[in-house]
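Descriptive structure summary
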Amino acid sequence: MCSTVCTRIAWKSRGSRVESERDGIAETLWRCGRCGTALVMRSVTVKYLAASFPVELPSCPTCRMTLVSEELARGRMAEVERIMEDK
Amino acid sequence: MKSTDLAKLEEQCIQDWEPPCVAACPVHVDIRGVVRAVRDGAFATGRNLFAKATPFVHVVSEFCDAPCQRACHRAAIDQAIGVRELERVCVRLGAVPPAGPSRAAKTQTVVVIGGGLCGLSAAFDLARKGYAVKLYERGSEVGGRLLTGRAAAARAALAADLEPLARFPVSIRLGRSVDLAEVVSTESVAALLDLPACDAVLVATGTADSSTPGVPVEANRDEGLETFATDLPGVFLAGDVRGVDSSPASWSPIAAISEGRRAATSIERFLQKVSLTYGRSLEGPYETRLFTDLSGVSPESPAAMADAARGFDPDEARAEAERCLLCACLECLKVCPYLEKHGSYPRVYARRIYNNLTVTKGNRTANRFINSCSLCGLCAEVCPTDLNMAPVCLEARRTMVAQGKMPPSAHDFALEELRRANSEACTLLRHAPGRQKSTHVFMPGCQLAASRPDAVAILYARLRERLGPEVGLMLRCCGAPAEWAGREDLLETSLAALREGVQKMGNPTVVVACPTCADILGRRAPDVTSVSLYEVLAAGAGASSAVPATSRATLAVHDPCTARHHAQMRTAVRDLLAGAGWPVEELPLSGERTECCGFGGLMLYADRELADEVVARRAARSPQPFVTYCAMCRDRYAAAGKPAIHVIDALLGGAAALESAAALGPGFVERHEARVRLKEELLRDIWGERVGPEHHTEIVVEMDEELRRALEEQLVRLDDVQAVIAHAERSRAFFVDSASGRRLASYRPRAVTYWVQYSPAEAGYVLHGVYTHRMEVEGVEGGE
């Protein structure tokens, strides 16, 4: 069911400064607090209500910890949450 | 909501009924539309609207007997709107291309006997629908009684109307007399008239022919419906021939045109072999159910007309059109910014809600609409048919919850507040110190406990003086947010716990300070005996404590919306204020017609912008400071910059009470903290008990005022921020910016992930920012 929803609402990149990808290295000022490693873009699963879909987000390659930026949370993510709530 | 419920609601809302002028018009000209067109100077539009009701626009605008003007509400105030003159100016100035027959030609032929307005109207309607029409007129010209006494003018108007109809398939034969008796007695009308075929006949010969027996007409009169059919299949009778009053004084050109049109409709249905009667109850003049409030309408003289023979010029016409009230009900929209905001009215809203609940494909576009009603019920108080949107919206919320389609974001802050207010940290249930039973138990309610913890102790002492020593105390929430959120399960759980507590206390009378608690207990737990604090205080006050009205400022009483149906509580509050020497003023909408502050029904969480508009609008209704008896209302007004005091301040604080009228209450995210502290303080001060170490201030977080406001706006509680930092520091699960030393961490205690940006400081942590999301993201720390 969700694959159609996902393709339509996937928000990858969209000119976001923080998540824009260059050679797999995420352009963000944040590093992992545990191991100090720079974050890389990685495909992670995002779930909401009855749907789940993959999204590329900056993560620590060692600890696998994922970062959601403020810009993404307040922007596209909030928008998609609203859309899915009205489905 | 069942489809029958929807139909009932749609029937109950009368806004779609026509204004009195249109209902009284036998052909139902869209007079409101014509008036709007004239106001805009769009005369062609006006003429088009007019011509939809009848092609005889010249005849009607010159000679109509204007039943619309007799029905006009202005007729009772000054003088009816000059509708006929407005139509006339549209006809004169609004040039429109003539319409041709709009449908494909049909093979059937209809004979119309009689060339008066009734016959002509029927003939051209049928021709427009594609039927071949043969019209027979006994005289040497058509027009019938219209020509009587004004032949030249009537001829000119008729000619102007017939000219664009020349392309219609109507053949007119003058000088051929056919009477009803012939039609009735012949085997074949076609043979009688030398026609190849005749599929239906309309007799509209004008004069009543009482000598023609055996043609019973109007078999459907019983149902109040005229079909103009006779017992002879295919033979119809319309106009004066039916022997209705035909005295010259009562002859109505527009009625004749209407009869012709309605007879044509019957003939078409007969030829198509469908029901003659279905769906026709509003043909011809009828009584409208539309209500229009006329209070405040002042008399205005009709617009002047410099040249009566010519008619209005555009400016004169506009002036006359401006007088029109554009009759409409919309009583509910006048008092409810929520109903007004969504651009329509309850009849349409009911359909939207129904669609939202039954949608299988596509979006649920009415979710926000359903969730932002304050459920205050003011609409029902002002509605001429008592239509109440509150139960409609509430039932819709319950259905959405049951369907699993309630957006999680809609109510979870409020429901979490409820859960916390009824958790161990905030609830308290005690007999008075040293007592083993209670005659009464004081329930301040969760919002007063959060807003005015200081007042709770004072009131509790006051009640023990007033009601005797056996007055217990109960801190908890009544469960109202659960009801508002459509969560009957949570409401039942909350009420069950409350009931159990009251039973354990020996069923004392619950003295409630909050009108919402009173309302919930009264409706949802009537087995629990309850009384409002204000009635208790007013009953005990007596005349002795009356303070003479001094120079105290006048207060405007704001009745909380949940006190709408609690007249005794409202009276008690006023008695208390009078007794304490406060002069009061009544707001334009008060008592049973009071307005909500924007918090009711959880409007605030569904549409904060609207809730702010609601509170601002209410605040502006009086320049006086407000006095109210709901802690949430009080804080809402103060937050909106409107000085407001709680009635308990007016009683306890004397004239100085107003000094705190502008003081802000705790924010939404600070209320829980306040409740936790209140319980601890009361236990310590009244029962001499110490509560365990304060666990909720373990982590010190510093923030500036701007961030504090941002937290309030995003409904992020301080303890959620503390939980994120605690989790991050414990597990070292955070991101770090080496340049600034700032940390970014997340935690998901419930269905929300909180992200906090902070720096360690000497005595704790400095907060830099907070944001949240609801989606669950793989690899995000602190997930469930």
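Residues numbered from 1 in each chain as written. Chains lettered and ligands numbered in written order. Predicted model: local features only at pLDDT ≥ 70, side-chain atom pairs only at ≥ 80, totals over all residues. Heavy atoms only, no water.

1. So, the overall build of chain B
What counts is decided by this rule: The secondary structure listing takes helices from DSSP runs of H or I that are at least 4 residues long and strands from runs of E that are at least 2 residues long, numbered from the N terminus. Radius of gyration means the value over C-alpha atoms here, while the globule rule gives 2.2 Å times the residue count to the 0.38 power. Here's how the labels work: a residue is buried when its accessible area is under 20% of the maximum for its type, exposed when over 50%, partly exposed in between, all with a 1.4 Å probe on protein chains only. Should any heavy atoms of two residues lie within 4.5 Å, those residues are counted as being in contact. Only the protein chains shown count as cover for residues, with accessible areas throughout obtained via the Shrake-Rupley method and a probe of 1.4 Å. This count recognises Lys and Arg as positive and Asp and Glu as negative, with His and chain-terminal groups excluded. Positions of charges follow a simple convention, taking NZ of Lys, CZ of Arg, CG of Asp or CD of Glu.
For chain B, the count of helices and strands is 34 helices and 20 strands. Against the 2.2 N^0.38 benchmark of 28 Å for 784 residues, chain B shows a C-alpha radius of gyration of 37 Å, more extended than a compact globule. The dimensions of chain B, computed from C-alpha atoms along their principal axes, are 110 × 70 × 55 Å. Relative to its full complement of 784 residues, chain B shows a buried share of 54%. Summarising the internal contacts of chain B: among those between residues at least 6 apart in sequence, 72% fall at separations of at least 24. When the accessible surface of chain B is split by element, carbon and sulfur atoms take 51% of a total near 32900 Å². Both charge centroids of chain B, one from 89 positive and one from 98 negative side chains, sit 1 Å from each other.

2. Overview of the environment of Glu283(B)
All names here are of chain B. Here is the rule: Polar contact criterion, stated in full: a pair of N or O atoms within 3.5 Å, where within protein one must be able to donate a hydrogen and the other to accept it, and residues adjacent in sequence count only if both atoms are side-chain atoms.
On the secondary structure map, Glu-283 appears in the loop between helix H12 (253-271) and helix H13 (314-323). Taking the C-alpha atoms as reference points, Glu-283 and His-28, 255 residues apart in sequence, are found 8.3 Å from one another. Ignoring anything within four residues of it in the chain, the contact list for Glu-283 reads His-28, Arg-262 and Thr-265. Within the local environment of Glu-283, its side chain forms a polar contact with the side chain of Arg-280, the two groups lying 2.9 Å apart.

3. Focus: the packing of helix H8 (residues 117-128) of chain B against H12(B)
Residue and element names in this part refer to chain B. The test is simple: Only the stretch in contact is used when fitting a helix axis, every axis being a line fitted to C-alpha atoms; angles between N-to-C directions are given from 0 to 180 degrees. When an angle is under 35 degrees it counts as roughly parallel; over 145 it counts as roughly antiparallel; between 65 and 115 it counts as roughly perpendicular; any other value is oblique. What makes a crossing left-handed is the near helix being turned counterclockwise from the far one by less than a right angle; a clockwise turn instead makes it right-handed. When residues are grouped by polarity, Ala, Val, Leu, Ile, Met, Phe, Trp, Tyr, Cys and Pro land in nonpolar, Asp, Glu, Lys and Arg in charged, and all others, Gly among them, in polar.
At a closest axis distance of 7 Å, the pairing of H8 and H12 adopts a crossing angle of 40 degrees. Taken together, the axis directions place H8 and H12 in an arrangement best described as oblique. Crossing of H8 against H12: the hand is right-handed. For the pair H8 and H12, contact is made by Leu-117, Cys-118, Ser-121, Ala-122, Asp-125, Leu-126 and Arg-128 and by Pro-253, Ala-256, Ile-257, Glu-259, Gly-260, Arg-261, Ala-264, Ile-267 and Glu-268, respectively. Here the residues of the contact of H8 with H12 sort into nine nonpolar, two polar and five charged.

4. Here's the deal with the confidence of the model for chain A
All names here are of chain A. Inclusion rule: Scored from 0 to 100, pLDDT reflects the predictor's confidence in each residue.
Averaged over every residue, the pLDDT of chain A is 77; residues scoring 70 or more account for 69%. Below pLDDT 50 for its whole length, residues 1-10 participates in 13 contacts with residues either more than four positions away or in separate chains. Within the model, pLDDT remains below 50 along residues 12-22, and this stretch shows 20 contacts once partners closer than five positions in the same chain are excluded.

5. Some points on the sheet that holds strand E14 (residues 644-646) of chain B
The strands that make up a sheet are held in pairs by hydrogen bonds between backbone atoms, and each pair lies either parallel or antiparallel. Residues and elements named next belong to chain B. The test is simple: DSSP calls a pair of strands paired once it identifies at least 2 bridges connecting them.
Read across the open sheet, the four strands follow the order E12-E11-E13-E14; overall the sheet is parallel. Looking at which strands have only one partner, the edges of the open sheet turn out to be strand E12 (584-586) and E14. Each strand axis lies, on average, 40 degrees off the axis of its neighbour in the sheet, ignoring direction. Where strand E11 (residues 555-558) lies against strand E13 (residues 626-628), three bridges are found, and the strand directions are parallel. In the strand pairing of E13, Val-557 is matched with Val-627. Of the strands in this sheet, E11, E13 and E14 are in contact with helix H30 (residues 631-639), which crosses E14 at around 160 degrees.

6. Observations concerning helix H24 (residues 488-504) of chain B
All names here are of chain B. Using the following cut-off: Helix span is expected to be 1.5 Å times the residue number reduced by one. The directions from the helix axis to the C-beta atoms form the arc being described.
Helix length check: H24, at 17 residues, gives a terminal C-alpha distance of 24 Å against a target of 24 Å (1.5 Å per residue), a fit within 8%. Where H24 is concerned, the buried positions are Leu-491, Ser-494, Leu-495, Leu-498, Gly-501 and Val-502. End-on, the buried residues of H24 take up no more than an arc of 120 degrees, which puts them together on one face. In H24, the exposed positions angled more than 90 degrees off the buried face are occupied by Thr-493, Glu-500 and Lys-504. Next to the buried residues of H24 lie strand E6 (428-430), strand E7 (440-443), strand E8 (471-475), helix H23 (480-484), strand E9 (509-512) and helix H25 (515-524). Following H24 by one or two positions, Gly-506 has its phi on the positive side, about 90 degrees.

7. Details of the interface of chain A and chain B
Defined as follows: Values labelled buried area give the accessible surface lost by two parts on being combined, using a 1.4 Å probe and summing over both. Put simply, a salt bridge is a Lys or Arg side-chain nitrogen that is within 4 Å of an Asp or Glu carboxyl oxygen.
Listed per partner, the contact involves 33 residues of chain A and 33 residues of chain B. Taking both partners together, chain A and chain B bury about 2800 Å²; carbon and sulfur atoms supply 56% of that area. Our count for the contact surface shared by chain A and chain B stands at one salt bridge. For Arg42(A), the salt bridge is made with Glu778(B), and the minimal N-O distance between the two is 3.9 Å. Our enumeration of links across chain A and chain B arrives at 18 residue pairs in polar contact (both at pLDDT 80 or more). Secondary-structure elements contributing two or more residues to the side of chain A that touches chain B are strand E3 (31-32), strand E4 (40-48), strand E5 (51-59) and helix H2 (70-85) of chain A. Here the side of chain A that touches chain B is built from residues that sort into 18 nonpolar, four polar and eleven charged. As defined by bridge partners, E4(A) adjoins strand E20 (residues 776-777) of chain B across two bridges and the pair is classed as antiparallel. Counted as the bridge partner of Lys47(A) is Glu776(B) from E20(B).

8. Structural notes on helix H34 (residues 718-731) of chain B
Residues and elements named next belong to chain B. Compared with an ideal rise of 1.5 Å per residue, which puts 14 residues at 20 Å, H34 spans 20 Å between its outermost C-alpha atoms and is within 8% of the ideal. All buried positions along H34 are accounted for by Asp-719, Asp-720, Val-721, Gln-722, Val-724, Ile-725, His-727 and Ala-728. Positioned one or two residues after H34, Arg-732 has a phi angle of 50 degrees, which is positive.

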